Amino acid sequence: IGDQEDAFIDYMKGFRVIAACEGNHEARITRATGTSPMRNITRTLAARQNQPCTFMQYGGYLNVKVGTQTYRIVFSHGEGSVTQYFKLMQRDFPDGDVYAGGHTHELTQGEYFVNSPAGPHRRILTTRTGSYLAFPSYTASKPSTGGITAPGSHILWLRYDPKQATLEKLSDRALAAA
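These lines cover the structure that appears in this document, whether it is placed above or below. (Residues numbered from 1 in each chain as written. Predicted model: local features only at pLDDT ≥ 70, side-chain atom pairs only at ≥ 80, totals over all residues. Heavy atoms only, no water.)

1. As for the overall build of the chain
Thinking step 1. Summing up its helical and strand segments, the chain has six helices and nine strands in all.
Thinking step 2. Out of the 178 residues in the chain, the part that is buried amounts to 38%.
Thinking step 3. Sequence separation of at least 24 residues holds for 55% of the intrachain contacts in the chain that already meet a minimum separation of 6.
Thinking step 4. If you sum the accessible surface of the chain, you get close to 10,600 Å²; carbon and sulfur atoms cover 53% of it. (Helix = DSSP H or I, 4+ residues; strand = E, 2+ residues; numbered from the N terminus. Buried < 20%, exposed > 50% of the residue type's maximum accessible area, 1.4 Å probe, protein only. Contact = heavy atoms within 4.5 Å. Areas by Shrake-Rupley, 256 points an atom, 1.4 Å probe, with all protein chains shown as cover.)

Now the structure itself:
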């Protein structure tokens, strides 16, 4: 477990990580050992970044301020089917700007316009962050890929003028620069 924690922390170099949550695999480790790998990771990242990195065991709702803009980010490891996951998140947190989850080990993103209590025809982004899988059967063949910052991973860019969040795929070139 320690080696995987160290590898994850190394992969995060160059990124500002503000929060992390447990997934079902980490939760199993926590139940078996009494120690949460993600809690350890967030403590280490906070110390290395000299900035807070919050452990939110089940996910959470973050207000991230960029310039004068505030982005509402909803994240959770998730559970269940791909088709229902974001609908349930939007039901529970209708004013989110960005919804992020994992669980199904897929790498997807979407842009939608929704009518919600937060406003009509409001733009939202969704992303599944299971980017550490290099191909669909990867976990059957190898325990780890060498990083969640693999080409194809999603990077969330928050801009302040005008308010616009975008999800872009990390390219080989961006990786080399990190």
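2. Re the nonpolar core
Thinking step 1. In terms of nonpolar packing, the biggest core is built from twelve residues, these being A19, C21, L62, V64, V66, Y71, I73, F75, V98, A100, L125 and A165.
Thinking step 2. Mapped by element, the contributors of at least two residues to this core are β3 (60-66), β4 (69-75) and β5 (98-101).
Thinking step 3. Among all residues touching I73, those that are not within four sequence positions of it are G60, Y61, L62, V64, V98, L156 and L158.
Thinking step 4. In terms of nonpolar packing, the next biggest core, distinct from the first, is built from nine residues, M12, M38, C53 and F55 among them. (Core = buried A, V, L, I, M, F, W, Y, C linked by side-chain atoms within 4.5 Å.)

3. Points about the pairing of β5
Thinking step 1. Alternating positions in β5 separate into two faces, V98 and A100 on one and Y99 and G101 on the other, with burial throughout.
Thinking step 2. In the sheet, β4 pairs with β5 via three bridges, with the strands oriented parallel. Its bridge partner being in β5, I73 is matched across the sheet by V98. (Pairing = 2+ DSSP bridges.)

4. Side note on the packing of aromatic side chains
Thinking step 1. Counted according to the given criterion, the structure contains two aromatic pairs.
Thinking step 2. Relative to F93, the ring of Y61 lies with its centre 5.8 Å away and its plane at 25°, an arrangement referred to as stacked. Separated by 32 residues along the polypeptide, Y61 in strand β3 and F93 in the loop between α4 (82-92) and β5 bring together distant segments of the chain.
Thinking step 3. For Y61, a relative accessible area of 28% translates into the label partly exposed.
Thinking step 4. A centroid spacing of 5.1 Å and a plane angle of 65° characterise the contact between Y85 and F86, whose relative ring orientation is edge-to-face. As far as burial versus exposure is concerned, Y85 and F86 are alike and both buried. (Phe/Tyr/Trp six-rings, centres within 6.5 Å; stacked < 30°, edge-to-face > 60°.)

5. Notes on the pattern of salt bridges
Thinking step 1. Under the definition given, this model contains seven salt bridges.
Thinking step 2. Here R48 ties to D10 by a salt bridge, and the two come within 3.7 Å at their closest N and O atoms. Taken together, the residues span a long stretch of sequence, with R48 in helix α3 (residues 37-49) and D10 in helix α1 (residues 2-11) at a distance of 38 residues.
Thinking step 3. Overall, the relative accessible area of 39% leaves D10 in the partly exposed class.
Thinking step 4. Ionic pairing is found between D97 and R122, a salt bridge with its closest N-O pair at 3.6 Å. Remark: R122 occurs in strand β7 (residues 119-129) and D97 occurs in the loop between α4 and β5; sequence separation between them is 25 residues.
Thinking step 5. In this structure D97 comes out as buried when scored by relative accessible area, which is 10%.
Thinking step 6. A cluster of three or more residues bridged by salt bridges with shared partners is formed by R72, D95, D97 and R122. (Salt bridge = Lys/Arg side-chain N within 4 Å of Asp/Glu carboxyl O.)

6. Observations concerning the side chain of S36
Thinking step 1. If you trace the backbone, S36 turns up in the loop between α2 (24-33) and α3.
Thinking step 2. Not counting chain neighbours up to four residues away, the residues in contact with S36 comprise E22, T30 and F55.

7. Here we look at α1
Thinking step 1. Within the span of α1, buried status applies to E5, A7 and I9.
Thinking step 2. Where α1 is buried, its residues touch α3.

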